[in-house]
Amino acid sequence: FNSFRFLEIDETADWKTYRNDNHGYLIKYPKDWKFEGERGAPLSPAFSYRWNDGGYCGFDVVVTPTDDSGAIADLIEKGYKQTTYTIGGISGIKLTKSQQDYIYFNKNSDYYRITKFSSKDIHETECAEEFNQILSTFKFLEPDEPADWKTYLNIKHGYQLKVPHDFYNRAKPSSWKAESDDNSL
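The present account deals with the structure reproduced in this document. Position numbers for residues count from 1 along each chain, tracking the sequence in the order it is written. Local features in a predicted model are, by the rule used here, given only for residues with pLDDT of at least 70; side-chain atom pairs are given and counted only at 80 or more, and totals for whole chains, interfaces and linings are based on all residues. The basis for the side-chain values is all heavy atoms of the structure; hydrogens and waters are excluded.

1. Quick word on the overall build of the chain
As a reminder of what qualifies: Runs of E in the DSSP output that reach at least two residues are strands. Runs of H or I that reach at least four are helices, and both are numbered from the N terminus. We call a residue buried when its accessible area falls under 20% of the maximum for its residue type, exposed when it is over 50%, and partly exposed in between, using a 1.4 Å probe and counting protein chains only. What makes two residues a contact is simply this: any of their non-hydrogen atoms within 4.5 Å.
Along the backbone of the chain there are 2 helices and 14 strands. Out of the 185 residues belonging to the chain, those deemed buried represent 42%. Nonlocal contacts in the chain, meaning residues at least 24 apart in sequence, comprise 47% of its contacts between residues at least 6 apart.

Pasting the structure below:
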């Protein structure tokens, strides 16, 4: 059990998890957000939240084999503010203007762009705060981490453990939760 570790209480413990085994990453998003599916070319996951007044906040994750330096230069020319940003342990850049943020970074031969967008100024602060918390959950998968393993959290005792998906089929303590969209085994 080399995956056993003690942890602090995770504010995102009840969030949903999107896992992309093709590009080797996962990202969590709030349970009241909607997974919009994979769309575009290349296929990219998109997520959104809508307020009652019609405002929305969303983000998508695009991974391509193509360098985005031309698009980055265009955004900087259009007045986007550039800052250094670290995500998943990788250094990249963040471009910000009005209600849209772009996070660019690359790992190996893949180029990543995570885009945040929102519709109304009145929700921008809340959208930006939630987006930053979402970004804090982005992580690259370990190369030997099996896709069908689950992460179990024991909140009472403050630890998590990665185990095969069928490890606890016979009996499980009620304080354990699986890290999945429905928090079940």
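Text resumes after the structure shown.
2. Description of unusual backbone geometry
Cis peptide bonds are those with omega within 30 degrees of zero, and the linkage from A41 to P42 qualifies with 0 degrees. For P42, the position within the fold is in the loop between β4 (34-39) and β5 (44-50). Even without a glycine there, the phi angle at S98 is positive, about 55 degrees.

3. Description of the pattern of salt bridges
What counts, and what does not: Basic side-chain nitrogens of Lys or Arg form a salt bridge, by our definition, when they fall within 4 Å of a carboxyl oxygen of Asp or Glu.
Within this structure, the stated rule accounts for 5 salt bridges. For K31, the salt bridge identified is with D14, shortest N-O distance 2.9 Å. In this pair, K31 sits in the loop between β3 (25-29) and β4 while D14 sits in the loop between β1 (5-6) and β2 (16-20), placing the two residues 17 residues apart along the sequence. Among the residues examined, K31 registers a relative accessible area of 51% and is labelled exposed. The partly exposed category is assigned to D14, whose relative accessible area is 29%. Between R19 and D21 there is a salt bridge, with the nearest N and O atoms lying 2.6 Å from each other. In this structure R19 comes out as partly exposed when scored by relative accessible area, which is 24%. On the basis of relative accessible area, D21 is assigned to the partly exposed category, the value being 45%. Sharing partners across several salt bridges, the network here consists of K94, D101, K116 and E124.

4. Remarks on the packing of aromatic side chains
To be explicit about the condition: The aromatic pairing rule takes the rings of Phe, Tyr and Trp, using the six-membered ring of Trp, and pairs them if the centres are within 6.5 Å, calling planes under 30 degrees apart stacked, those over 60 edge-to-face and the rest tilted. Should the NZ of a Lys or the CZ of an Arg lie within 6 Å of a ring centre and within 35 degrees of the ring normal, that charge is described as sitting over the ring.
The full count for this structure, using the stated rule, is 21 aromatic pairs. For the ring pair Y49 and W51, a centre distance of 5.1 Å and an interplane angle of 85 degrees mean the geometry is edge-to-face. Looking at K107, its charged tip hangs above the ring of F140, at a distance of 4.1 Å from the centre.

5. Remarks on empty space enclosed by the protein
In plain terms, the rule: Grid points spaced at 1 Å over the protein atoms alone were grouped into cavities, where a 1.4 Å probe fits but cannot get out, and pockets, open sets with protein on both sides within 12 Å along at least five of seven lines, with lining residues defined by an atom within 4 Å of a point. Grid points are joined across faces, edges and corners, and a volume is the space filled by probe spheres set on the points. When residues are sorted by character, Ala, Val, Leu, Ile, Met, Phe, Trp, Tyr, Cys and Pro go into the nonpolar class, Asp, Glu, Lys and Arg into the charged class, and all the rest, Gly among them, into the polar class.
Applying the stated criterion across every chain yields a total of 1 cavity of 30 Å³ or more. Put simply, the largest cavity is a space of about 30 Å³. Every residue along the wall of the largest cavity is listed here: W33, Y49, W51, C57, E126, C127 and E130. At 3 residues, helix α2 (residues 124-135) tops the list of elements feeding residues into the lining of the largest cavity. Considered class by class, the residues forming the lining of the largest cavity number 5 nonpolar, no polar and 2 charged.

6. Some words on the side chain of K94
The test is simple: As used in this structure description, the phrase polar contact means that two N or O atoms lie within 3.5 Å; if the pair is within protein, one of them must be able to donate a hydrogen and the other to accept it, and residues adjacent in sequence are counted only when both atoms belong to side chains.
Mapped onto the secondary structure, K94 falls in strand β8 (residues 90-97). With relative accessibility at 11%, the residue K94 sits in the buried group. Polar contacts involving the side chain of K94 include one to the side chain of N132, which spans 3.5 Å. Not counting the four nearest positions on each side in its chain, K94 is found in contact with K81, Q82, T83, Y85, D101, Y102, I103 and N132.

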